[in-house]
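# Analysis of the macromolecular model
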Amino acid sequence: MNPGHEGVVWAEHGEAPWSHTHTWDHPEWSVEDLVAAKNGRTVSVVLPALNEEATVAGVIATIAPLLGTLVDELIVLDSGSTDRTAERARAAGARVVTREDAIPGLPPVPGKGEALWRSIAATTGDVIAFVDSDLIDPDPMFVPKMVGPLLADPDIHLVKGYYRRPLRTGDTQEPGGGGRVTELLARPLLTALKPELGEVGQPLGGEYAGTRELLASVRFAPGYGVEIGLLIDTYDRYGLAGIGQVNLGVRSHRNRPLHELSLMSRQIVATLLDRCGIDDSGVGLTQFVPDADGGFTPYRTELLRGERPPINELRHSLP
Ligand SMILES: O=c1ccn([C@@H]2O[C@H](COP(=O)(O)OP(=O)(O)O[C@H]3O[C@H](CO)[C@@H](O)[C@H](O)[C@H]3O)[C@@H](O)[C@H]2O)c(=O)[nH]1
Ligand SMILES: O=C(O)[C@H](O)COP(=O)(O)O
């Protein structure tokens, strides 16, 4: 299955580049095609959620109609929400799993990496797709597009979505202004340190799918380091041949303020350096919070720690 590639004859130019063979810029497969391609395999969809009562039901509404055909289970992995995320998710048709229920007896630590790691234990699918629960008007084809290459090619273990990203500020929307951490930090630094991954369009994006074979056998970095860690670990294990990327169109989400993205960036840098074998000081980020009198108060946020081992290894160590 390879619809959407332009018809360049690479045999005349040497080996086709990854960006041609493993990038689907115009994915055209249908849900029916995918159901036929499952061949006995099962698909789980995981929505990590921390206080997403405003958007979680809307995201579920785009995936729930696939339950029983392409999608075998749909869970919201509740990351400790204190709002009505769980209630709204259940009403919209998802199973809600808390971090504690996912792996009983092991107290959770904060952060997105922890939620995703526990979701591997809480699900059973041979293929697992992740979708952020803060998305605004996501396309119902997100999941079908992401799982396509995994169902078609046994050598592919991780498929990242890529997309155009609007930036919303107040009532205005800048069509290509989103993905600030991606464009200013992640892609430049990844290109500097792991140039083979420089053609991955959205290394940080929360919409991606992987095989259980991969996801149960890799460690999970803490917090927002989880995506860059998974990408590099997949590359180190399978090479570029194990990774694909699919155009999902447009993806809008809650755009965080810059000071929150700075903290996210610090965590991503820590994981990226770790995966490249480069020492990090381990020092948390100091930010300068404006006072009412025109001055600034320094405020330090420590790095999240607590990398999690592969779920397969945890299972072995449980009684
Ligand atoms: O402790 C947490 C933090 C976040 N989330 C959920 O994770 C998703 C993404 O989090 P968000 O804070 O919206 O991240 P973004 O600002 O959108 O950051 C981008 O970059 C991150 C770093 O790669 C990715 O984790 C995100 O998926 C990606 O959208 C949302 O559904 C959150 O509710 C949790 O479940 N637990
Ligand atoms: O992926 C990113 O770069 C961050 O989530 C920030 O995204 P935004 O600039 O679209 O809010």
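Residues numbered from 1 in each chain as written. Chains lettered and ligands numbered in written order. Predicted model: local features only at pLDDT ≥ 70, side-chain atom pairs only at ≥ 80, totals over all residues. Heavy atoms only, no water.

Per an unreviewed UniProt entry, the protein goes by the name Glucosyl-3-phosphoglycerate synthase and belongs to Gordonia hydrophobica. The heading Sequence similarities (unreviewed entry) in the UniProt record of the protein holds the text "Belongs to the glycosyltransferase 2 family." (UniProt positions renumbered as here; feature names shortened; annotations may be inferred.)

### Concerning the pairing of strand E4 (residues 95-98)
Taken together, the four bridges between strand E3 (residues 73-78) and E4 define a ladder with parallel strand orientation. The residue of E4 that forms the bridge with Ile75 is Arg95. Handedness of the crossover joining E3 and E4 through helix H4 (residues 85-92) is recorded here as right-handed. (Pairing = 2+ DSSP bridges. Helix = DSSP H or I, 4+ residues; strand = E, 2+ residues; numbered from the N terminus. Right-handed = clockwise from strand over helix to strand, strands pointing away.)

### Focus on the UniProt feature "domain: Glycosyltransferase 2-like" (unreviewed entry) in the protein
The UniProt feature table records "domain: Glycosyltransferase 2-like" (unreviewed entry) at residues 44-164. The span residues 44-164 is 35% helical and 24% strand by assignment, and the distance between its end C-alpha atoms comes to 25 Å.

### Examining the pattern of salt bridges
Under the criterion given, the structure shown has 20 salt bridges. Two residues, Arg266 and Asp280, come together in a salt bridge whose shortest N-O distance is 2.7 Å. With a gap of 14 residues between them, Arg266 in helix H11 (residues 258-275) and Asp280 in the loop between H11 and strand E13 (285-290) connect regions that are remote in the sequence. By relative accessible area, Arg266 is classed as buried at 13%. Between Glu307 and Arg275 there is a salt bridge; the shortest N-O distance is 3.2 Å. Of the two residues, Glu307 is situated in the loop between strand E14 (296-301) and helix H12 (311-317) and Arg275 in helix H11; the sequence distance between them amounts to 32 residues. When its relative accessible area of 8% is taken as the criterion, Arg275 is described as buried. Taken together, the salt bridges that share partners define one network made up of Lys112, Asp132, Glu207, Glu227 and Arg251. (Salt bridge = Lys/Arg side-chain N within 4 Å of Asp/Glu carboxyl O. Buried < 20%, exposed > 50% of the residue type's maximum accessible area, 1.4 Å probe, protein only.)

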